[in-house]
Amino acid sequence: ALKKSEASKAEGKRKRNAIVVKLETAANTIITMAGEKIRLYVKGKIINYTRNKNVTRHKTSLIEIEGVNSKEETPFYFGKKIAYVYKAHTKKAGPNGPTKFRCIWGKVTRAHGSRGVVRAQFRKPLPCKSLGAKCRVMLYPSQV
Amino acid sequence: MTRTGVWKKEGGAFKKVLAVAKPSKGKSPRFYAPEDVKKPLAKKATNGPTKLRASITPGTVLILLAGHFKGKRVIFLKQLPSGLLLVTGPYAVNGVPMRRVNQAYVIATETKVDVSSVNVSKYDDSYFKGAKKEKKSGDSMFKDEATKKELSADYLANQKAIDSALKPIIAKTKDLEAYLKAHFSLKDGDRPHLMKF
């Protein structure tokens, strides 16, 4: 089997990272001069809407926040803003010029169940394609 | 039956009775006004600056969570009358000038510096309010939009003064300058709800 040299591996990684950097800068993640990425949000996953067996209620979405595994750990996140960031085909006005990235803002309202899942309400109910998608749970408004 | 009270004629005409709330003399009133006299509600609300979190005291190192300088660690100088916090990088250390920031968009760390010797009394909200935008006239649509904002010499001098006042204070604590230069970031596995800032 072909063994890639260390140098070419690094080169490949840098190229791949560069592409990631481009996408992320478009999405407004900060890349410092040193190349380090700055993340000031906690990663969350939009797992569901509130629902009963047969009916989904789209007003409230359920968010699974990374690293939060029990109801006791959730109070820190109450009230924190959430951004559901997604891409679309057409460019629309953005804070730094027209962009394909769009965002729906919401906030964590309360805990859901005992395993650390959290309920969130967004300014507009989330579209169904958001199920399973990532969202960003910001650290503000901060109580620390 | 003698005519008493309201309907007594005085000087040829009935005395007009006005609804007046008389101060209580301790006795129950002889006269109750036909209509209730409306008293305006007492205005007890006093609007002061937002209550400052106990963790934020002058000299605390704060982490900015949003805005142009998100992720930067800055030093808290004082709370302005509007409730916003006056912070600075200092500019010489990490490029954050004297700025106002809202408490909700800030994490207070436990690192504190002694800024009692730094004089910030002359800074208040009016210092930071931008110059009023000119009202749009007919020509303005055709004018050039790009006019770079010039920083006044006063503004730069003030920043320099604060920076030089803070420099020896920061130098006292080991690694504090490097700490202020570094950005705050969450990494994989970090759980803010368990972190001690």
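Just so we're clear, the structure is a prediction, and the values are computed from it rather than from any experiment.

For the rest of this paragraph, the subject is the overall build of chain B. When helices and strands are counted, chain B shows four helices and seven strands. Put simply, chain B runs from its N terminus to its C terminus through helices and strands in the order β-β-β-β-β-α-β-β-α-α-α. Considering chain B as a whole, with its 197 residues, one finds that 31% of them fall into the buried category. Relative to all contacts within chain B whose residues are 6 or more apart in sequence, the contacts with residues 24 or more apart total 64%. Carbon and sulfur atoms provide 55% of the accessible area of chain B, an area that totals close to 14900 Å².

Per-residue pLDDT for chain A has a mean of 84; in total, 76% of the residues score no lower than 70. Long-range and interchain partners of residues 17-27 of chain A, a stretch whose pLDDT sits below 50, account for 11 contacts in this model, where long-range means more than four residues apart.

Across chain B, pLDDT averages 81, with 77% of residues at or above 70. By mean pLDDT, the top-scoring element of chain B is strand β3 (residues 60-64) of chain B (94), and the lowest-scoring one is strand β1 (residues 9-10) of chain B (65).

Time to look at the pattern of salt bridges. Evaluation of the coordinates by the stated rule reveals seven salt bridges over all chains. Residue Arg 100 of chain B is joined to Asp 125 of chain B by a salt bridge in which the shortest nitrogen-to-oxygen separation is 2.9 Å. Placement of Arg 100 of chain B in strand β6 (residues 99-101) and of Asp 125 of chain B in helix α2 (residues 125-128) is noted, with a sequence separation of 25 residues between them. Residue Arg 100 of chain B is classed as partly exposed on the basis of its relative accessible area of 25%. Given the relative accessible area of 10%, Asp 125 of chain B is considered buried. For Lys 196 of chain B, the salt bridge goes to Glu 110 of chain B, with nearest N and O atoms at 3.4 Å. Within this pair, whereas Lys 196 of chain B is found in the segment after α4 (176-181), its partner Glu 110 of chain B is found in strand β7 (residues 106-112), the two being separated by 86 residues in sequence. Its relative accessible area of 54% is what places Glu 110 of chain B among the exposed residues. Via salt bridges that share partners, Arg 39 and Lys 43 of chain A together with Asp 188 of chain B belong to a single interconnected network.

Another point: the sheet that holds β6 of chain B. Residues and elements named next belong to chain B. Spatially, the five strands line up as an open sheet ordered β6-β5-β4-β3-β7, and their pairing is antiparallel. The open sheet is flanked by β6 and β7, the only strands paired with a single partner. Direction aside, the axes of adjacent strands within the sheet are offset by 45 degrees on average. Pairing of β3 with β7 involves four bridges; the strand directions are antiparallel.

Residues and elements named next belong to chain B. Burial analysis of β3 places five of its five residues in the buried class, which makes it a mostly covered element. Residues Thr 60, Leu 62 and Leu 64 point to one face of β3 and Val 61 and Ile 63 to the other, with burial holding for every one of them. Sheet topology note: the β3/strand β4 (residues 73-79) ladder contains three bridges and is antiparallel. The partner of Leu 62 across the bridge, within β4, is Val 74.

The next point concerns the sheet that holds strand β3 (residues 41-51) of chain A. All names here are of chain A. Taken in spatial order, the six strands of this closed barrel run β3-β4-β7-β6-β5-β8, and their pairing is antiparallel. In this sheet, neighbouring strand axes are inclined to one another by 45 degrees on average, regardless of whether the strands run parallel or antiparallel. Looking at chain direction, β3 and strand β8 (residues 134-138) are connected through five bridges and run antiparallel. When the bridges of β8 are listed, Val 42 appears paired with Val 137.

Under the definition given, this model contains seven aromatic pairs over all chains. Between Phe 76 of chain A and Tyr 77 of chain A the ring centres are 4.9 Å apart and the planes differ by 80 degrees, which places this aromatic pair in the edge-to-face class. Each member of the pair, Phe 76 of chain A as well as Tyr 77 of chain A, is classed as buried. With centroids separated by 5.0 Å and ring planes inclined at 85 degrees, the aromatic side chains of Tyr 127 of chain B and Phe 128 of chain B adopt a geometry described as edge-to-face.

It is worth spelling out the side chain of Lys 78 of chain B at this point. As for its position among the elements, Lys 78 of chain B is in strand β4. A polar contact of 2.9 Å, which involves the side chain of Lys 78 of chain B, links it to the backbone oxygen of Tyr 123 of chain B.

A few words on the pairing of strand β7 (residues 117-122) of chain A. All names here are of chain A. As paired elements, strand β4 (residues 56-65) and β7 share five bridges and run antiparallel to each other. By the bridge assignment for β7, Ser 61 is matched with Ala 120. Across six bridges, strand β6 (residues 99-112) lies against β7 in antiparallel orientation. Within the sheet, the bridge partner assigned to Val 108 lies in β7 and is Ala 120. Once β6 ends, the chain turns through four residues before running back antiparallel as β7, passing Gly 113 with a positive phi of about 75 degrees.

Calculation criteria
- The residue numbers shown here count from 1 along each chain, following its written sequence.
- Written order decides the labels, with chains lettered from A and ligands numbered from 1.
- Where totals are concerned, whole chains, interfaces and linings use all residues; where local detail is concerned, this predicted model gives features only for residues with pLDDT of at least 70, and gives and counts side-chain atom pairs only at 80 or more.
- Values shown for side chains rest on all heavy atoms present in the structure; no hydrogens or waters enter the calculation.
- The helix count covers DSSP runs of H or I at least four residues long, the strand count covers runs of E at least two residues long, and both are numbered beginning at the N terminus.
- Residue burial is assigned from relative accessible area. The probe radius is 1.4 Å, only protein chains are included, and a residue is buried under 20% of its type maximum, exposed over 50%, and partly exposed in between.
- Residue contacts are counted whenever heavy atoms from the two residues lie within 4.5 Å of one another.
- Residue burial considers only the protein chains on display, and all accessible areas are found by Shrake-Rupley using a 1.4 Å probe.
- A residue's pLDDT is the confidence the predictor assigns to it, expressed on a 0 to 100 scale.
- Only one rule defines a salt bridge in this text: a Lys or Arg side-chain nitrogen within 4 Å of an Asp or Glu carboxyl oxygen.
- Only strands that DSSP links by at least two bridges are regarded as paired with each other.
- Fitted lines through C-alpha atoms give the axes, limited to the stretch in contact for helices. The angle between two N-to-C directions lies from 0 to 180 degrees.
- Think of it this way: a Phe, Tyr or Trp ring, Trp meaning its six-membered ring, pairs with another when their centres are within 6.5 Å, and the plane angle makes it stacked under 30 degrees, edge-to-face over 60, tilted otherwise.
- Here a polar contact is taken to be a pair of N or O atoms separated by no more than 3.5 Å, where protein atoms must pair a possible hydrogen donor with a possible acceptor and residues adjacent in sequence count only if both atoms sit in side chains.

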